Amino acid sequence: MKGVVLGGTSSGVGKTVATLAVLRALAEAGRDPQPAKAGPDFIDPSHHERVAGRPSRTLDCWLEGREGLRRNYYRGDGDICVVEGVMGLYDGDGSSTAMVAEALDLPVVLVVDAAAGMESVAATALGFREYAERVGRDVEVAGVLAQRAHGGRHAEGVREALPDDLAYFGRIGPDPALEVPERHLGLERGDERPLSDEALSAAAEHVRAERLLATAREPPRPDPDSRPGERATGERIAIARDGAFSFRYPATVERLRARADVRTFSPVAGDDLPDCDGVYLPGGYPELYAQDLAVSPALATLRERASEGLPVFGECGGLMALAESLTTTDGDSYEMAGVLPADVEMRERYQALDHVELRARERTLTASAGDRLRGHEFHYSAADPATDARFAFDVERGEGIDGDRDGLTEYRTLGTYCHVHAESGAFDTFIDHL
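Here the structure is a predicted model, which means the values were calculated and not measured. (Residues numbered from 1 in each chain as written. Predicted model: local features only at pLDDT ≥ 70, side-chain atom pairs only at ≥ 80, totals over all residues. Heavy atoms only, no water.)

Student: I would appreciate a short explanation of the overall build of the protein in the present structure.
Tutor: Assigned secondary structure in the protein consists of 13 helices and 22 strands. Its C-alpha radius of gyration of 22 Å places the protein within 12% of the 22 Å reference for a compact globule of 434 residues. With the principal axes as the frame, the protein shows a C-alpha extent of 70 × 50 × 40 Å. Here the protein holds 434 residues, and the buried ones make up 57% of them. (Helix = DSSP H or I, 4+ residues; strand = E, 2+ residues; numbered from the N terminus. Rg over C-alpha atoms; globule rule 2.2 N^0.38 Å. Buried < 20%, exposed > 50% of the residue type's maximum accessible area, 1.4 Å probe, protein only.)

Quick look at the structure:
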């Protein structure tokens, strides 16, 4: 499957809208696009999935490594992959968009805000192309997609200013209907505030789909010897799935399905915990559903089953739901599952945002003693653990729960602020420890 990367000049330049317009343009040109997202984000991929009709692949060098990244790319379907970048093209020391493009040997289409420029758009693109050599990145900036550009003289001025070896891939016109509302943790999800089909189709009319197709390349295949085995165990894994627990990487669910019998449930909707041998509580927005969670039979059953030794793994939002209580920014406090000895409080400003690395102090649900896990953290909550709380991990990079430690543990329950990808091996260890 060939692909292209849409890299931005900075955060906020309109990469997500540009990606959705490109996906729509390719579909209307008779192609079958596969979306992907550089970096660890969960929210932008929800918009991709809504437009493309299939899950967006997560591509992150820090979380997956080069071979894992290539494996994840080739698990996608379709006939062309559109990879949305993260931040600006070169931003990020853990896994920048440029690092992802280099690992996959994919050309970069630079998304440039052209609202107040024409020739300056070309100058910006030239600078981004030349900067690759300066920082030693083997990245090809193939051309420009002009964001917030009007038609007529404006678009023509951008196109004419570009040198012959930088292609013009079209424009996204300014349109209030193409603005996705934001809240803490980023944009609102695609299932909450999708862009209108009419606005996307109108934007797609000015995207040069055939030129994108002609520019796309096929990445190197992963080393077949590096692919981990997928031995099915017959164990039953319950995964929480609703607005409170919506941050799941597709590869994680795929891996769990390959190894176990997956059963989903919605604590927010009032589902009880299904019969299972282990539980995975992904991240999400438990603070938006705290009142529903407080009366959910699933949390009461989790409290009982966890005390009996049922393995439970909660990531970020999952950690919050497993805590004693959750207090919102309005000051309202709600009782949670009470499995882990901590109280959690929402803050107005984010408390952590980075790639992280953890080192296991001892054998735990997702790692053996001494193992290192790479992941990602992004949260607005702060956990206040009990003075005698036990932690599974020392933090080598990142913030964790208290700056030095992550992974609250009680019984056979583990709660972390760190999100891990299936390529880390954490979920295989979880299955093998059941």
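Student: Would you take a moment to explain the sheet that holds strand 19 (residues 381-385) for this structure?
Tutor: Either a parallel or an antiparallel arrangement is found when strands of a sheet pair, and the pairing is made through backbone hydrogen bonds. The 4 strands lie next to each other as 15-14-16-19, forming an open sheet whose pairing is mixed. Two strands lie at the open edges of the sheet, namely strand 15 (333-335) and strand 19, each paired on one side alone. Averaged over all adjacent pairs, the angle separating strand axes in this sheet is 20 degrees, with direction ignored. Relative to strand 19, strand 16 (residues 342-346) runs antiparallel, the two sharing 5 bridges. What sits directly across from Met346, in strand 19, is Ser381. (Pairing = 2+ DSSP bridges. Axes fitted to C-alpha atoms, helices over the stretch in contact; angles between N-to-C directions.)

Student: What's the story with the side chain of Gln147 in this structure? I'm lost.
Tutor: For Gln147, the position within the fold is in strand 6 (residues 141-147). The class for Gln147 is buried, based on a relative accessible area of 4%. If sequence neighbours within four positions are ignored, Gln147 has contacts with Val13, Gly14, Val17, Ala18, Val111, Val112, Asp113, Ala114, Ala115 and Ile172. (Contact = heavy atoms within 4.5 Å.)

Student: Help me out: how do you make sense of a negative patch on the surface in this one?
Tutor: On the surface, a cluster of negative charge is made up of Glu324, Asp343, Glu345 and Asp384. Checked against the element boundaries, Glu324 lands in the loop between helix 12 (317-322) and strand 14 (325-327). (Patch = residues over 30% accessible without salt bridge, like charges linked within 9 Å, V, L, I, M, F, W, Y side chains within 5 Å. Areas by Shrake-Rupley, 256 points an atom, 1.4 Å probe, with all protein chains shown as cover. Salt bridge = Lys/Arg side-chain N within 4 Å of Asp/Glu carboxyl O. Lys, Arg positive; Asp, Glu negative; His and termini not counted. Charge placed at Lys NZ, Arg CZ, Asp CG, Glu CD.)

Student: Even after reading the chapter, I still don't get the packing of aromatic side chains, so can you show me in this structure?
Tutor: We describe a pair of aromatic rings using the distance from one ring centre to the other and the angle between the two ring planes. In the structure shown here, the tally under the stated rule is 13 aromatic pairs. Ring centres 4.9 Å apart and planes at 5 degrees place the aromatic pair Phe42 and Phe247 in the stacked group. Of this pair, Phe42 sits in the loop between strand 2 (33-38) and helix 2 (43-52) while Phe247 is found in the loop between strand 10 (236-240) and helix 9 (250-259), placing the two residues 205 residues apart along the sequence. Note on accessibility: Phe42 and Phe247 belong to one class, buried. With 5.8 Å between their ring centres and 25 degrees between their planes, Tyr280 and Phe313 make a pair best called stacked. With Tyr280 in strand 12 (residues 278-281) and Phe313 in strand 13 (residues 312-315), the pair connects residues that are 33 residues apart, well separated along the chain. Here Tyr280 and Phe313 have matching classes, each one buried. Grouping aromatic residues by their ring pairs yields a cluster made of Phe42, Phe247, Tyr249 and Tyr285. (Phe/Tyr/Trp six-rings, centres within 6.5 Å; stacked < 30°, edge-to-face > 60°.)

Student: Any chance you could explain the packing of helix 3 (residues 61-74) against helix 4 (residues 97-104) here in plain terms?
Tutor: Any two packed helices are characterised by how steeply their axes cross, that is the angle between the axes, and by the distance between the axes. Their axes nearest at 10 Å, the elements helix 3 and helix 4 cross at an angle of 40 degrees. Regarding the angle of helix 3 to helix 4, the classification is oblique. At the point where helix 3 passes helix 4, the crossing takes the right-handed sense. Of the residues in helix 4, those touching helix 3 at Cys61, Arg66, Leu69, Arg70 and Tyr73 are Met99, Val100, Glu102, Ala103 and Leu104. Broken down by class, the residue content of the contact of helix 3 with helix 4 amounts to 7 nonpolar, no polar and 3 charged. (Parallel < 35°, antiparallel > 145°, perpendicular 65-115°, else oblique. Left-handed = near helix turned anticlockwise from the far one by under 90°. Nonpolar A, V, L, I, M, F, W, Y, C, P; charged D, E, K, R; others polar.)

Student: Is there a simple way to explain unusual backbone geometry in this structure?
Tutor: Phi is mostly negative for residues that are not glycine, and the peptide bonds are mostly trans. Look at Asp105: it is not a glycine, yet its phi comes out positive at around 55 degrees. Mapped onto the elements of the fold, Asp105 is located in the loop between helix 4 and strand 5 (108-113). In this structure Asp105 comes out as partly exposed when scored by relative accessible area, which is 34%. In this structure, Cys316 is a non-glycine residue whose phi angle is positive, near 55 degrees. Position of Cys316 relative to the elements: it lies in the loop between strand 13 and helix 12. The class for Cys316 is buried, based on a relative accessible area of 7%.

Student: Even after reading the chapter, I still don't get the pairing of strand 6, so can you show me in this structure?
Tutor: A regular strand places its side chains on the two faces of the sheet in alternate fashion. Of all 7 residues in strand 6, 7 are buried, a share of seventy percent or more. Alignment of strand 5 against strand 6, held across 6 bridges, turns out to be parallel. Across the sheet, residue Asp113 finds its bridge partner in strand 6, namely Gln147. Note that the unit made of strand 5, helix 5 (residues 119-134) and strand 6 has a crossover that is right-handed. Looking at chain direction, strand 6 and strand 7 (residues 167-172) are connected through 4 bridges and run parallel. Paired with Val144 across the strands is Tyr168, a residue of strand 7. (Right-handed = clockwise from strand over helix to strand, strands pointing away.)

Student: Is there a simple way to think about the nonpolar core in this case?
Tutor: Across soluble globular proteins, you tend to see nonpolar side chains buried next to one another. Core analysis: the largest hydrophobic core is formed by 40 residues, its most contacted members being Leu59, Tyr73, Val83 and Leu89. Of all the secondary-structure elements, those providing two or more residues to this core are strand 2, helix 3, strand 4 (80-88), helix 4, strand 5, helix 5, strand 6 and helix 6 (153-161). In this view, Leu89 contacts Gly7, Gly8, Ser96, Thr97, Ala98, Val108, Leu110, Phe128 and Val141; residues no more than four positions away in its chain are not counted. Judged by nonpolar contacts, the second largest core, of 38 residues, contains Phe265, Ala290, Ala323 and Met336. (Core = buried A, V, L, I, M, F, W, Y, C linked by side-chain atoms within 4.5 Å.)

Student: What's the story with the sheet that holds strand 6 in this structure? I'm lost.
Tutor: What the 7 strands build is an open sheet, ordered 3-2-4-1-5-6-7; its pairing is parallel. The open sheet has two edge strands, strand 3 (57-59) and strand 7, and neither has a second partner. This sheet shows a mean twist of 25 degrees between the axes of neighbouring strands, independent of strand direction. On top of the sheet, helix 5 reaches strand 1 (2-8), strand 5 and strand 6; it is set at about 140 degrees to strand 5, its chief contact.

Student: What is the right way to read helix 4 from this model?
Tutor: Note that an α-helix has 3.6 residues per turn; residues three or four places apart therefore point the same way. Along helix 4, 8 of the 8 residues are buried, which leaves the element largely enclosed by surrounding structure. Among all positions in helix 4, only Thr97, Ala98, Met99, Val100, Ala101, Glu102, Ala103 and Leu104 are buried. Looking at the packing, one finds that the buried side of helix 4 touches strand 1, strand 2, strand 3, helix 3, strand 4 and strand 5. Looking one or two residues past helix 4, Asp105 carries a phi angle of roughly 55 degrees, positive in sign.

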